Amino acid sequence: MKKTMLVLLTTVLAASAAGCSGDAGQQSQPSGSVQDAAKSNPSAGNGAKVELQFWDMVWGPPEYIDTAKALVDQFNSENPNIKVSYQSTPWNNWYQTFTSAIAAGTAPDISTGAGYQAFQFSQMGAILPIDDVVDELKKNGDDFLPNTVDLMKYDNHYVALPWAIDIRVPYYRKDLFQQAGVTPPKTWEELRAAAKKLSGNGKYGMVMPGDTGGTHYVFSLMLNNNGGLFNKDKKVDFLNSRNVEAVQLLADMVKDGSINPAGAGFTGDDATKSFGQGDAAIIIKNPGFPAQLPELKDKIGLMDPLTGPHGEKGTIYWINNIMLYKQSKHPQEAKQFMKWWSQNNKALWTKGHVTQLPVKKSFTEDPYFKDDPERKEILEKWIPIGKTTAYPYPAVFPELNEIEGEGVMQTLTQEIMLGKDPKAIMDKANQTMKSIMKEK
Amino acid sequence: MGPTTKRRFELLPVYYLLPSLFLVLLINFYPFVSGLLYSLSDGSLIQQGTFVGIVNYLRLFTMPDFIHSLYFSAIFAFFSVIGSYVIGLGLAVLLNKDIPGRGFFRVALLVPWIVPSIVSIISWRWMLGAQEGLVNTFLVWLGFKPILFLANEQWAIFTVCLIKIWRSFPFMMISCLAGLQSIDQSLYESASMDGAGRWQSFVHITLPQLKSITVVCWILMTIWSFNDFDTIWLLTQGGPANATENLIILAYKYTFTKNDVGTGSAMAIVVLIILMTLATLFLRNQNKSQD
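Just so it is clear, the model here is predicted, and its values are computed rather than measured.

## Observations concerning the overall build of chain A
So, point 1. Per the secondary structure count, chain A includes 19 helices and 13 strands.
So, point 2. Going through the 440 residues of chain A one by one, you find that 56% of them count as buried.
So, point 3. Accessible surface computed for chain A: about 18000 Å², of which carbon and sulfur atoms make up 51%.

## Concerning the overall build of chain B
So, point 1. Scanning chain B for helices and strands turns up 14 helices and zero strands.
So, point 2. In sequence order, chain B lays out its α and β elements as α-α-α-α-α-α-α-α-α-α-α-α-α-α.
So, point 3. By the compact-globule yardstick of 19 Å for 291 residues, chain B is too spread out, its C-alpha radius of gyration being 24 Å.
So, point 4. A total of 291 residues make up chain B; the buried ones form 43% of that total.

## Description of helix H8 (residues 153-181) of chain B
Residues and elements named next belong to chain B.
So, point 1. For H8, with 29 residues, the first-to-last C-alpha span of 42 Å sits near the 42 Å given by 1.5 Å per residue.
So, point 2. Helix geometry: H8 is bent most strongly at Ser-168, by close to 35°, with proline Pro-170 lying one to four residues after it.
So, point 3. Regarding H8, its N-cap is Asn-152, as a side-chain oxygen of that residue lies 3.0 Å from the backbone nitrogen of Gln-154 further along.

## Looking at helix H10 (residues 241-256) of chain A
Residues and elements named next belong to chain A.
So, point 1. Look at H10: 22 Å from first C-alpha to last across 16 residues, which is about the 22 Å you get at 1.5 Å a residue.
So, point 2. Its side-chain oxygen placed 3.1 Å from the backbone nitrogen of Arg-242, Asn-240 serves as the N-cap of H10.
So, point 3. Positive backbone phi, at 80°, marks Gly-257, one or two positions downstream of H10.

## Structural notes on the domain arrangement of chain A
Residues and elements named next belong to chain A.
So, point 1. We note that the domain assignment places domain 1 (9-165 + 318-387) and domain 2 (169-285 + 407-436) within chain A.
So, point 2. Between domain 1 and domain 2, the contact holds five residues from the first and six residues from the second.
So, point 3. Roughly 520 Å² is buried in total at the junction of domain 1 and domain 2, and carbon and sulfur atoms are behind 68% of that figure.
So, point 4. Of all residues in domain 1, Trp-318, Trp-382 and Lys-387 give up the largest surface area on contact with domain 2, accounting jointly for 77% of the area buried on that side.
So, point 5. For the interface between domain 1 and domain 2, the tally reads zero salt bridges.
So, point 6. Counting across the interface, domain 1 meets domain 2 through three residue pairs in polar contact (both at pLDDT 80 or more).

## Some remarks on the packing of helix H18 (residues 408-417) of chain A against helix H19 (residues 422-436) of chain A
All names here are of chain A.
So, point 1. Closest axis-to-axis distance for the H18/H19 pair is 10 Å, and the angle between their directions is 175°. Taken together, the axes of H18 and H19 lie roughly antiparallel to each other. Across from Val-408, Met-409, Thr-411, Leu-412, Glu-415 and Ile-416 in H18, the residues of H19 making contact are Ile-425, Met-426, Lys-428, Ala-429, Thr-432, Met-433 and Ile-436.
So, point 2. Taken together, the residues of the contact of H18 with H19 break down into nine nonpolar, two polar and two charged.

## What about the sheet that holds strand S8 (residues 204-206) of chain A?
Residues and elements named next belong to chain A.
So, point 1. Strand order across the open sheet formed by four strands is S8-S9-S7-S10, with mixed pairing between neighbours. Whereas interior strands pair on both sides, the edge strands pair on one side only; in this sheet they are S8 and strand S10 (300-302). Mean inter-strand twist for the sheet, computed between neighbouring axes without regard to direction, equals 25°.
So, point 2. Summarising the sheet, strand S7 (residues 169-173) and strand S9 (residues 280-285) pair through four bridges and their orientation is antiparallel. Among the inter-strand pairings, Tyr-172 is bridged to a residue of S9, identified as Ile-282.
So, point 3. Each of S7 and S10 is contacted by helix H16 (residues 373-382), which is oriented at about 135° to S7, the strand it contacts most.

## Considering the confidence of the model for chain A
So, point 1. Per-residue pLDDT for chain A has a mean of 87; in total, 89% of the residues score no lower than 70.
So, point 2. Under a pLDDT of 50 for its full length, residues 1-45 of chain A has, in the predicted model, 53 contacts with residues more than four places off or in other chains.

## Remarks on the interface of chain B and chain A
So, point 1. Taken together, the contact between chain B and chain A spans 39 residues of the former and 43 residues of the latter.
So, point 2. The tally of links from chain B across to chain A stands at three salt bridges.
So, point 3. The salt bridge involving Glu-402 of chain A is made with Lys-258 of chain B; its shortest N-O contact spans 4.0 Å.
So, point 4. Where chain B meets chain A, there are seven residue pairs in polar contact (both at pLDDT 80 or more).
So, point 5. At 13 residues, helix H1 (residues 3-39) of chain B tops the list of elements feeding residues into the side of chain B that touches chain A.
So, point 6. Class assignment of the residues belonging to the side of chain B that touches chain A gives a composition of 22 nonpolar, 11 polar and six charged.

## Regarding the side chain of Asp-175 of chain A
So, point 1. One can find Asp-175 of chain A in helix H7 (residues 174-180).
So, point 2. The exposure class of Asp-175 of chain A is buried, given its relative accessible area of 16%.

## Concerning the environment of Lys-235 of chain A
Residues and elements named next belong to chain A.
So, point 1. Along the chain, Lys-235 turns up in the loop between helix H9 (212-224) and H10.
So, point 2. Look at Lys-235 and you get partly exposed, because its relative accessible area is 46%.
So, point 3. Measuring from C-alpha to C-alpha, the distance between Lys-235 and Pro-184 comes to 36 Å, with 51 residues separating the pair along the chain.
So, point 4. Ignoring any residue separated from it by four or fewer positions in sequence, one finds Lys-235 in contact with Leu-229, Phe-230 and Glu-439.

## Quick look at the environment of Gln-431 of chain A
So, point 1. Relative to the assigned elements, Gln-431 of chain A resides in helix H19.
So, point 2. Along the chain, Gln-431 of chain A and Asp-269 of chain A lie 162 residues apart, while their C-alpha atoms are 31 Å from each other.

## What about the pattern of salt bridges?
Residues and elements named next belong to chain A.
So, point 1. Considering all chains together, one arrives at 25 salt bridges over all chains under this definition.
So, point 2. Salt-bridge contacts for Lys-346 lead to Asp-366; the nearest nitrogen and oxygen are separated by 3.1 Å. You can see Lys-346 sitting in the loop between helix H12 (331-344) and helix H13 (347-350) and its partner Asp-366 sitting in the loop between helix H14 (361-364) and helix H15 (367-370), a full 20 residues away along the chain.
So, point 3. Looking at Lys-346, the relative accessible area reads 29%, which means it is partly exposed.
So, point 4. By relative accessible area, Asp-366 is classed as buried at 15%.

Each value, and the rule that gives it
- Residues numbered from 1 in each chain as written.
- Chains lettered and ligands numbered in written order.
- Predicted model: local features only at pLDDT ≥ 70, side-chain atom pairs only at ≥ 80, totals over all residues.
- Heavy atoms only, no water.
- Helix = DSSP H or I, 4+ residues; strand = E, 2+ residues; numbered from the N terminus.
- Buried < 20%, exposed > 50% of the residue type's maximum accessible area, 1.4 Å probe, protein only.
- Areas by Shrake-Rupley, 256 points an atom, 1.4 Å probe, with all protein chains shown as cover.
- Rg over C-alpha atoms; globule rule 2.2 N^0.38 Å.
- Expected span 1.5 Å × (residues − 1).
- Bend = angle between axes of the 7 residues up to and from the residue.
- Polar contact = N/O pair within 3.5 Å; in protein donor to acceptor, adjacent residues only side chain to side chain.
- Domains from an automatic or database assignment.
- Contact = heavy atoms within 4.5 Å.
- Buried area = accessible area lost by both parts, 1.4 Å probe.
- Salt bridge = Lys/Arg side-chain N within 4 Å of Asp/Glu carboxyl O.
- Axes fitted to C-alpha atoms, helices over the stretch in contact; angles between N-to-C directions.
- Parallel < 35°, antiparallel > 145°, perpendicular 65-115°, else oblique.
- Nonpolar A, V, L, I, M, F, W, Y, C, P; charged D, E, K, R; others polar.
- Pairing = 2+ DSSP bridges.
- pLDDT = per-residue confidence, 0-100.

Structure representation (structure tokens):
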């Protein structure tokens, strides 16, 4: 009996161990070249219809998905040898969704993703470089805004095409400013003074959430002051004087009672609610934010870029990706679709109302952008001063996801709101960043 | 009956159990072995990595965030178990008596246990999260200052423990109620005839009689509190400033945010070892006292 049980246990153990290593082992093998993949494609070149899976994140309101589907249908009708299947992918657990699919060998052929996605999965060996696609698009006339396409390089290869810009800009409540007799600030000094004047009786000059949205305030002010987390050689430079000044400004505003201390426990939605209820007068959000509060649309204004104590301007922005996966059995067709999508997706804004902004110069000339004061202002005043979280290093890299995500910067942001000593919390964050970047 | 027949007869029930045993092993054993293997490697979610032995385990005890999470997990589990047991037992004693509306209260008090966590915890968030939330509005009305229940480190620890107790006491209550109903009433009658008061009866009859069920409830609640993800995640996500980060949330962050599956799995295995040790100690203690 004992022997029977032992055999059974050993069999289960061996099977589970083999199953476990089998899955992961499959992923660790380097993928072949585009040519290899094309050769392995049984249908390519023999006249049969190639099927591609396109996973697109939810980038806008419900009409976005309808518009994207219509664009895919248009591509399918123009390219009868390819059938692209559109799958709208929710943001909840997106990372687990993609990693599970990659691990299971069921990754899409092509997908869109946030600022670091292509870099994270490139580091894992799952992304197909697209140098040839970028070269071809550049040869046909470079329609990309400056400082967008070249950010998509990882290990000297283009790993994604840029398709949209996400940026953080400060909005303010015009009615509350008017009631307090305050004009929108133009400098840090004015920001601190205005926020103080707008605070009192349970109201606050500014609301800052404790989630990743709150980290954008810190990033935005550091980059505004021409600081940044790294130096030009990608070494952690978090304790530079410009960053110290930015954190000190926020700490001073907390001390002034100008930032809601409850924000340390707020999500982005809580912050929006607080701003919407008139409990806070300033909030830093994404373009198109006023549309989230339609009843207050006329009471919400976009602030001009602030001038830092050394005369610089800036804010945080991300270039959202569209990328191909090495697991694709049809890389050439996927590239064909990628190029088409990049050139023909203007309707995602004009009909789909994406809140991000386009990376194509020609798209920004459309009346949809030119005739809308908020979009026009962001394109003209804010996009040119946008900087990435890697700034001044000229490209993005995977570790930024951890630094910006639910880790070090989020803790720092919460600690600022808890009124902790700026130097101590920055020293701690600096150590964590060095550990993430594997620096001594 | 010859020896062969006897042996076949003894094995027969085991053969009947084999399909279930296989399923249980598959469901429980496979994730455990996978986790164990991951904890011994330096892989990511999609790459197995290389075998690194117990390096991940050794590293854990040099990591301040792990030490903090271990400490918080212990605090959270301790107060959750004690708090929910005291409230649950108190209500069980009350509901074991013939009080008006007993049936209604027995059902109504189960609500925190029955309502899906996402619904109840988000509701608590709304009530506690902001200074203009329901609870703070009430406190201000009473003349107190608003409390940052989820934004202040100490208050956040108190709040997550309190909500956990609120979610858990119905389980303790229903288990203790079942235990109370199985106590032989003649014990109380004899004690009463010997002049024992209510408190003496409670201490010397009720509590000892409930010991078996108490130990089981404590073990289960310790496991559920140590492993609790949703209460903390939905309330604070481990914040502010990592004050409410328990080992499970830390393991989740290491695995899915830092893509460090080896460290995340090592943390999960450490939790398993801690819980198994605690359960063994509880059960041994119970067996000793029964002997």
